Amino acid sequence: VQLQASGGGLVQAGGSRRLSCATSVRTLGSYALGWFRQAPGKEREFVATFSRTGSAAFYADSVKGRFTISRDNAKNTAYLQMNSLKPEDTAVYYCAASRTVIQSSIRDPKYYPYWGQGTLVTVSS
C-alpha cells in the first residue's frame, strides 16, 4: 500500500488549507484512512480518521469543528479540509492507512502500518 500526501504550505492564521492523500488501495472502503501530525520536538499525534467501513469519522478534540476529513473511493483519495487554522496547527501532516485497526485503537498511530511521506503545514500568526 502506497500513500502520498500533498497540499501543505504556508498559510496565515485563520486561513484554510486542504490536504490530499492519494493511495494505491483498490478497495478504499476496507481501510481506516486517517491523518496524523507531528510538530517539531513533539510526538506524532492523531488528527482525524475514518473507520474501516468509512461509516464513521473521528477527530481530535483540538481540531473538532475546524477540520473535516473526507474521501473519494472512486479516486482512492482522502482529504483533510482545515479551516480556522492556528499557529499551533503547524506540523508535518501524514496520512496513514490500516486494514486491521479496531475502533478502540483508531487514534493510536502504532496501529497504522502504512504511511505517506508527510506534507508540511506552516501557520503564521
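Computed from a prediction, not measured in an experiment: that's the story for all the values here. (Residues numbered from 1 in each chain as written. Predicted model: local features only at pLDDT ≥ 70, side-chain atom pairs only at ≥ 80, totals over all residues. Heavy atoms only, no water.)

A.B. asks: Got a sec to walk through the sheet that holds strand E8 (residues 77–82)? Specific residues and values, please.
C.D. replies: Spatially, 4 strands are ordered E1-E3-E8-E7 in an open sheet, and the strand pairing comes out antiparallel. Edge positions in the open sheet fall to strand E1 (3–6) and strand E7 (67–72), since each of these has one partner strand only. Across this sheet, the average inter-strand angle for adjacent strands is 15°, counted without regard to direction. Note that strand E3 (residues 17–23) and E8 share 6 bridges and pair antiparallel. Pairing of Leu19 across the sheet is with Leu80, part of E8. (Pairing = 2+ DSSP bridges. Helix = DSSP H or I, 4+ residues; strand = E, 2+ residues; numbered from the N terminus. Axes fitted to C-alpha atoms, helices over the stretch in contact; angles between N-to-C directions.)

A.B. asks: Let's hear about the pairing of E1: which residues, and what values?
C.D. replies: Burial along E1 is one-sided: Leu3 and Ala5 are buried, and none of Gln4 and Ser6, which face the opposite way, are. As paired elements, E1 and E3 share 4 bridges and run antiparallel to each other. Within E3, the position partnered with Ser6 by the bridge is Ser20. (Buried < 20%, exposed > 50% of the residue type's maximum accessible area, 1.4 Å probe, protein only.)

A.B. asks: Can you break down the environment of Glu45 residue by residue, with the values?
C.D. replies: Looking at where Glu45 falls in the secondary structure, it is placed in strand E5 (residues 45–50). Glu45 sits in the partly exposed class, given a relative accessible area of 35%. C-alpha separation for the pair Glu45 and Pro109, spaced 64 residues apart in sequence, amounts to 7.4 Å. If we skip the residues at most four places from it in the chain, Glu45 touches Phe36 and Arg37. At 2.6 Å, the side chain of Glu45 and the side chain of Arg37 are in polar contact. (Contact = heavy atoms within 4.5 Å. Polar contact = N/O pair within 3.5 Å; in protein donor to acceptor, adjacent residues only side chain to side chain.)

A.B. asks: Can you break down the state of the cysteines residue by residue, with the values?
C.D. replies: Summed over the entire model, instances satisfying the criterion amount to 1 disulfide. Between the sulfur atoms of Cys21 and its disulfide mate Cys95 the distance is 2.2 Å. Measuring handedness by torsion sign, the sulfur bridge of Cys21 and Cys95 sits at about 70° and is right-handed. You can see Cys21 sitting in strand E3 and its partner Cys95 sitting in strand E9 (residues 91–98), a full 74 residues away along the chain. A residue is classified by how much of its surface remains accessible, and Cys21, at 0% relative accessible area, is buried. (Disulfide = S-S within 2.5 Å.)

A.B. asks: Describe the nonpolar core, naming the residues involved and giving the relevant values.
C.D. replies: The tendency in soluble globular proteins is for nonpolar side chains to be buried as a group. With 37 residues, the main nonpolar core has Trp35, Val47, Phe67, Leu80, Met82 and Tyr93 as its most contacted residues. Of all the elements, E9 adds the most residues to this core, at 5 residues. (Core = buried A, V, L, I, M, F, W, Y, C linked by side-chain atoms within 4.5 Å.)

A.B. asks: So, the pattern of salt bridges: which residues are in play, and what are the values?
C.D. replies: Enumeration over the complete set of coordinates arrives at 5 salt bridges. With a shortest N-O distance of 2.9 Å, Arg37 and Asp89 are connected by a salt bridge. Of this pair, Arg37 sits in strand E4 (residues 32–38) while Asp89 sits in the loop between E8 and E9; the two residues are 52 residues apart in sequence, bridging distant segments of the chain. Asp89 shares its class with Arg37; the two are buried. Its salt-bridge partner being Arg66, residue Asp89 comes within 2.8 Å of it at the nearest N-O pair. Separated by 23 residues along the polypeptide, Asp89 in the loop between E8 and E9 and Arg66 in the loop between strand E6 (57–59) and E7 bring together distant segments of the chain. Both residues of the pair, Asp89 and Arg66, belong to the buried class. (Salt bridge = Lys/Arg side-chain N within 4 Å of Asp/Glu carboxyl O.)

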